Amino acid sequence: MSNALAPYRRLTVKIGSALLVDGKTGKLRADWLASLAADLAALKAEGRSLVIVSSGAIALGRRLLGLDAKALPLEQSQAAASAGQIALSQAWAAALGAHGIVTGQILLTPNITEERRYFLNARTTITTLLGLGAIPIINENDSVATAEIRYGDNDRLSARVATMIEADCLILLSDVDGLYSAPPGKDPNARHLPEVALITPEIEAMAGGAASHLSRGGMTTKVEAGKIATGAGTAMIIARGTEDHPLQALTEGARHTLFAPAQSRAQARKRWIMGTLELSGAVHVDAGAARALLTGRSLLPIGVTKASGTFERGDVIAVLDPEGREVARGLASLGREEVDIVKGKKSTAVAELLGFNTRSEVLHRDNMVTLMGAEARI
């Protein structure tokens, strides 16, 4: 019996409403949550970083506000989310607090993971919480989101979060133990798939619809989440979460479906930088800085001679050598105005000129692709 979580050090775990909230009573499944918290504490004690994407705010809020209808109008859904989010965050704080773990709440809307500046700020907050030993609890901001500006389900949200923080693995806890060749409740001959190497149209066709009014997702959205996660180099596991200690079960060999990552996270992000983003500007560097970049180093202000274009932190910029040839491109750690202030200066001067919370490099090597002739050095 192999430990399915053994290879992974940074995990994003998605919890659906139907697991967290009793569908008949609308009450929190407190004992189940306590068992999950014990699993999380055990994984954290092994040195793993953990991020939770938790549904449940609307499901809890509808009971608190006495809303019985299964399909709520938008304004009532937003009100339920507002009331339920308090209960949800308190439940997580209490469950993990019993193990001495601090939680941090983060509510996201699509613009935060889709727009680079918001993306970088959210990632910094999450990684800072992880560095301080906390477990971030993330949910969609349903109290303000509308049909036009929402993820629509936390499967896709969890995939965005997992790729944003460069998680090794995304775990989707569900009411089934993985992907089947057909919906197992309808087809007695449905075959369980232990591993999916590549999400093809045939794999997508195997997914079914949502099974509960408490959840907006279903196997279809889980497979869509898999496309997001694996395409960015993050593995994904779909596993049964209905019983107590679902993560412990995975470490003890419980059946699941593993979606293999398409490539490494670094390769995925750097190919994304090379192939899908438009340039917002450029920085010109001296010969020494150009040589240093080709050995895998970050670009420091001292090697920059000038900047051009209009760019902010998180925008994609080119790096040009003294002959005007592009030698690298990447995500700017500083905006154009900041680069103009610190160019040609030592890194130790950056804090004095821009403040102590400012990065000391213009481009970090993790967010940069160096170019070798016509080839990208990934």
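Residues numbered from 1 in each chain as written. Predicted model: local features only at pLDDT ≥ 70, side-chain atom pairs only at ≥ 80, totals over all residues. Heavy atoms only, no water.

1. Observations concerning the pattern of salt bridges
So, step 1. Tallied over the full model, the rule gives 12 salt bridges.
So, step 2. A salt bridge links Glu 46 to Arg 48; its shortest N-O distance comes to 3.0 Å.
So, step 3. For Glu 46, a relative accessible area of 46% translates into the label partly exposed.
So, step 4. Asp 155 is paired through a salt bridge with Lys 222; the nearest N and O atoms lie 3.3 Å apart. Pair noted here: Asp 155 is in helix H7 (residues 154-164) and Lys 222 is in helix H9 (residues 219-231), with a separation of 67 residues, a long-range link.
So, step 5. Under the relative-accessibility criterion, Asp 155 is labelled buried at 1%. (Salt bridge = Lys/Arg side-chain N within 4 Å of Asp/Glu carboxyl O. Buried < 20%, exposed > 50% of the residue type's maximum accessible area, 1.4 Å probe, protein only. Helix = DSSP H or I, 4+ residues; strand = E, 2+ residues; numbered from the N terminus.)

2. Comments concerning helix H3 (residues 57-64)
In an α-helix, one full turn covers 3.6 residues, which means residues spaced three or four apart are oriented alike.
So, step 1. Burial of H3 is extensive: 6 of the 8 residues sit out of reach of the surface.
So, step 2. Listing the buried residues of H3 in full gives Ala 57, Ile 58, Ala 59, Leu 60, Gly 61 and Arg 62.
So, step 3. Contacts from the buried residues of H3 go to helix H1 (17-20), helix H4 (74-97) and strand S4 (135-140).
So, step 4. Once H3 ends, the next one or two residues include Gly 66, with phi positive near 70 degrees. (Contact = heavy atoms within 4.5 Å.)

3. Brief notes about the packing of H7 against H9
So, step 1. It is the contact of H7 with H9, at a shortest axis distance of 8 Å, that shows an interaxial angle of 15 degrees. As far as their axial angle goes, H9 and H7 are roughly parallel. In this structure, H7 meets H9 at a crossing whose hand is right-handed. Between H7 and H9, the residues in contact are Asp 155, Arg 156, Ala 159, Arg 160 and Thr 163 and Thr 221, Lys 222, Glu 224, Ala 225, Ile 228 and Ala 229, respectively.
So, step 2. Here the contact of H7 with H9 is built from residues that sort into 4 nonpolar, 2 polar and 5 charged. (Axes fitted to C-alpha atoms, helices over the stretch in contact; angles between N-to-C directions. Parallel < 35°, antiparallel > 145°, perpendicular 65-115°, else oblique. Left-handed = near helix turned anticlockwise from the far one by under 90°. Nonpolar A, V, L, I, M, F, W, Y, C, P; charged D, E, K, R; others polar.)

4. Looking at the sheet that holds strand S2 (residues 49-54)
Strands in a sheet are paired, the pairing made by backbone hydrogen bonds, and the direction either parallel or antiparallel.
So, step 1. Taken together, 8 strands build an open sheet; the order of strands is S3-S4-S2-S1-S5-S7-S8-S6 and the sheet is mixed. Across the chains shown, the open sheet's two edge strands, defined by having one partner strand only, are strand S3 (103-108) and strand S6 (195-196).
So, step 2. Sheet topology places S2 next to S4; 2 bridges connect them, and they run parallel. In the sheet register, Val 53 faces S4, and the bridge partner there is Ile 138.
So, step 3. Each of strand S1 (10-15), S2, S4 and strand S5 (169-174) touches helix H2 (residues 30-45); the most contacted strand, S2, lies at about 155 degrees to it.
So, step 4. Lying on the sheet, H4 is in contact with S1, S2, S3 and S4; it crosses S3 at an angle near 150 degrees. (Pairing = 2+ DSSP bridges.)

5. Remarks on the environment of Lys 227
So, step 1. Among the structural elements, Lys 227 can be located in helix H9.
So, step 2. Taking C-alpha positions, Lys 227 is 6.7 Å from Ile 199, a pair spaced 28 residues apart along the chain.
So, step 3. Aside from chain neighbours lying at most four places away, what touches Lys 227 is Ile 199 and Glu 204.
So, step 4. Only 3.2 Å separates the side chain of Lys 227 from the side chain of Glu 204, close enough to count as a polar contact. (Polar contact = N/O pair within 3.5 Å; in protein donor to acceptor, adjacent residues only side chain to side chain.)

6. Quick notes on the nonpolar core
So, step 1. Of all hydrophobic cores here, the largest spans 38 residues; its most connected members are Ile 15, Trp 92, Ile 171, Leu 173, Ile 237 and Leu 247.
So, step 2. Setting aside residues no more than four positions away along its own chain, Leu 247 makes contact with Leu 5, Val 13, Leu 36, Asp 39, Leu 40, Leu 43, Ile 171 and Leu 173.
So, step 3. With 35 residues, the next largest nonpolar core counts Val 51, Leu 157, Leu 179 and Ile 203 among its residues. (Core = buried A, V, L, I, M, F, W, Y, C linked by side-chain atoms within 4.5 Å.)

7. Topic: the pairing of S5
So, step 1. Of all 6 residues making up S5, 6 are buried, and the element is well covered by its neighbours.
So, step 2. The alternating pattern of S5 places Cys 169, Ile 171 and Leu 173 and Leu 170, Leu 172 and Ser 174 on opposite faces, both of which are buried.
So, step 3. In terms of strand pairing, S1 meets S5 through 5 bridges, oriented parallel. Bridge pairing links Ile 15 to Leu 173 in S5.

8. Here's the deal with the packing of H2 against H4
So, step 1. Where H2 meets H4, the closest approach of the two axes is 9 Å, and the angle between their N-to-C directions is 55 degrees. Regarding the angle of H2 to H4, the classification is oblique. The handedness of the crossing between H2 and H4 comes out as right-handed. Seen from H2, the contacting residues are Leu 33, Leu 36, Ala 37 and Leu 40; seen from H4, they are Ala 91, Trp 92, Ala 95 and Leu 96.
So, step 2. Its residues assigned to classes, the contact of H2 with H4 shows 8 nonpolar, no polar and no charged.

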